[in-house]
Amino acid sequence: MTTAQLTEKGAIWFDRITEGIKQYADVKLVMDEKKALSHFKCLKKEYGAENAFADFYYFRLDFDSREMVEELLDEEEIDYLRLIAPAQEEVQEDIIFPLSDKLLRIIVKLNDAEMLFSTIYFVQSDTAGRPRTSWWGNYEKEYICFRDR
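Read on for an overview of the structure.

Parameters and conventions
Residues numbered from 1 in each chain as written. Predicted model: local features only at pLDDT ≥ 70, side-chain atom pairs only at ≥ 80, totals over all residues. Heavy atoms only, no water. Helix = DSSP H or I, 4+ residues; strand = E, 2+ residues; numbered from the N terminus. Rg over C-alpha atoms; globule rule 2.2 N^0.38 Å. Buried < 20%, exposed > 50% of the residue type's maximum accessible area, 1.4 Å probe, protein only. Contact = heavy atoms within 4.5 Å. Lys, Arg positive; Asp, Glu negative; His and termini not counted. Charge placed at Lys NZ, Arg CZ, Asp CG, Glu CD. Arc of directions from axis to C-beta. Polar contact = N/O pair within 3.5 Å; in protein donor to acceptor, adjacent residues only side chain to side chain.

1. Looking at the overall build of the protein chain
The secondary structure content of the protein chain amounts to six helices and six strands. For the protein chain, the α and β elements follow one another from N to C terminus as α-α-β-α-β-α-α-β-α-β-β-β. Expected size for 149 residues packed as a compact globule is a radius of gyration near 15 Å; at 15 Å, the protein chain falls within 12% of this value. Here the protein chain holds 149 residues, and 44% of them are scored as buried. When contacts within the protein chain are restricted to residue pairs at least 6 apart in sequence, long-range pairs at least 24 apart make up 71% of them. Taking the average place of the 20 positive charges on the side chains of the protein chain and the average place of its 30 negative ones, the gap between the two points comes to 7 Å.

2. Notes on helix H5 (residues 75-84)
Within H5 the residues assigned to the buried category are Glu77, Ile78, Tyr80, Leu81 and Ile84. For H5, the buried positions fall inside an angular range of 155° around the axis, keeping them on one side. Of the exposed residues in H5, the ones pointing more than 90 degrees away from its buried face are Glu76, Arg82 and Leu83. Where the residues of H5 are buried, they touch helix H4 (63-70), strand S3 (96-98) and helix H6 (101-112). The backbone nitrogen of Glu76 has a side-chain oxygen 3.1 Å away, supplied by the residue at the start of H5, namely Asp74.

Take a look at the structure:
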């Protein structure tokens, strides 16, 4: 999925964090890997799996950077990444994935290690009654949540 398709679904998306700070209300939460995993699993359940996405730029990394990331992952996680790998021509596009539990585990692990940051998107759900949010992974185990003002 591209960012254009993601925004068509109603997600909050912007290219630079400074844009987000200007346009949206934001709050910072500090969460270690375990807490972040629990938090995002709960949100995914509330919003519905069909309303949860993540950008994941591992596939744009050069070979050496991928190897560094893979040192933090177990074999099952590496196999999963091979399974979801986009076609080479799609790597040039923005890479947005449905937020599976396996991808979520990888994302929070890599964010916790400050190895690769991702953004998690929840689009507004009629059933959840919750506003759309985007969660930027950041340094020092921070997640910055952006929502409409």
